[in-house]
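Residues per chain, in single letters:
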Amino acid sequence: MNNSVQDRNISSSFAKGLAVLAVFDAATPSLTLAEIARRTGQDRATARRGALTLVQAGYLRQQGRMLSLTPRVLALAGGFLQANQFGRRVQPVLNQHAGRLETEVILATLDQGRVLLLAQSTTERGTVTYGFTAGAHIPLAHTSLGRMLLACLPQDEAEEVLTRAEIPQHTEHSLTSRAAIAEQIELARSQGYAVTDSEFEPGIIGYAVPVSRPGQTPVVAGSSAPRGPEAGQALPKLLQGLQLCAAELRQTGVVEDL
């Protein structure tokens, strides 16, 4: 099917409406129409039609000039989680291994050049928590999850994604050279795990291992721990625990369904 035929089968209005929903995040939970237009790259009239349609459909709430998401958007994610039986197949595995490791365990995938959290453990014994939830995006270049996800891709594809990715400096330890980050991705690919030290959050070491097999949608499992004199000794235990968690998740077949 050529591009012209594909374009005729696509609703541009629907796509623009989805783009409006995507601009809201933790940093900007409320936006004006002008801000929505600027963030989506749409003209003011198009953004207004899309936003007001979403208000009428119940996915956005309007209070004066400000618009924000409503709880109804959770139904969209809920359909995916229920269809893939995350509550039965994924959550118990994450909780079990998080309890053993005494740290939070996260399952993540790639989404438009960012890390998308699919699920996370609910144990209260973790020493570190960022307060993220399923559906949250976190940076790609400076997290162990992001680097391991890129390492799961073929090298040329990973390089292309990294070329387009933002490279902010979250901490004084954040790598700002794409070449240096690419070296760390290649290291993660060769050794089968990724580690970042204080690049996203000061004093926090991130760990990640692959869950998906080559050729599948990239999915990884990760956790984090405070930096300290015992961090080096904790590395083997954390990596072994994550690898066991990843193996158990593969057995559920959930990765094959993504």
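Residues numbered from 1 in each chain as written. Predicted model: local features only at pLDDT ≥ 70, side-chain atom pairs only at ≥ 80, totals over all residues. Heavy atoms only, no water.

*Asks:* I would appreciate a short explanation of the sheet that holds strand S9 (residues 219-226) in the present structure.
*Replies:* Sheet strands associate in pairs through backbone hydrogen bonding, adopting either a parallel or an antiparallel arrangement. The strand order across the open sheet formed by 6 strands is S6-S5-S4-S9-S8-S7, and the pairing between neighbours is antiparallel. At either end of the open sheet lies a strand with only one pairing partner, and these are strand S6 (137-138) and strand S7 (194-197). Sheet analysis places strand S8 (residues 204-210) next to S9, joined by 7 bridges and oriented antiparallel. Pairing of Gly206 across the sheet is with Ser224, part of S9. The strands touched by helix H6 (residues 86-101) within the sheet are strand S4 (106-111) and strand S5 (114-120), with S5 carrying the most contacts at an inclination of about 95 degrees. Sitting on the sheet, helix H7 (residues 144-152) touches S4, S5, S6, S7, S8 and S9, and the angle it makes with S8 is about 25 degrees. (Pairing = 2+ DSSP bridges. Helix = DSSP H or I, 4+ residues; strand = E, 2+ residues; numbered from the N terminus. Contact = heavy atoms within 4.5 Å. Axes fitted to C-alpha atoms, helices over the stretch in contact; angles between N-to-C directions.)

*Asks:* Help me out: how do you make sense of the side chain of Gln42 in this one?
*Replies:* Relative to the assigned elements, Gln42 resides in the loop between helix H3 (33-40) and helix H4 (44-57). The residues contacting Gln42, other than those within four sequence positions of it, are Lys16, Ala19, Val20, Ala37 and Ala47.

*Asks:* I tried to follow the packing of helix H8 (residues 155-164) against helix H9 (residues 178-191) on my own but got confused; where do I start?
*Replies:* Helix packing for two helices is described by the angle between their axes and how far apart those axes are. Relative orientation of the contacting elements H8 and H9 amounts to 145 degrees, with a least axis distance of 11 Å. With respect to the hand of their crossing, H8 and H9 are arranged in right-handed fashion. Facing Gln155, Ala158, Leu162 and Thr163 of H8, the residues of H9 in contact are Arg178, Ile181, Ala182, Ile185, Glu186 and Arg189. Among the residues forming the contact of H8 with H9, the class breakdown is 5 nonpolar, 2 polar and 3 charged. (Left-handed = near helix turned anticlockwise from the far one by under 90°. Nonpolar A, V, L, I, M, F, W, Y, C, P; charged D, E, K, R; others polar.)

*Asks:* Sorry if this is basic, but what is going on with the pairing of S8 here?
*Replies:* On a regular strand, one side chain projects to one face of the sheet and the next to the other, so that they alternate. Within S8, 6 of the 7 residues are buried, which leaves it mostly tucked inside the rest of the structure. Judged from the 4 bridges that link them, S7 and S8 form a sheet pairing that is antiparallel. Within the sheet, the bridge partner assigned to Ala194 lies in S8 and is Ala208. The loop that links S7 with its antiparallel partner S8 comprises 6 residues; one of these, Ser198, has a positive phi angle of about 60 degrees. (Buried < 20%, exposed > 50% of the residue type's maximum accessible area, 1.4 Å probe, protein only.)

Function-wise, these values are silent; they only describe arrangement.
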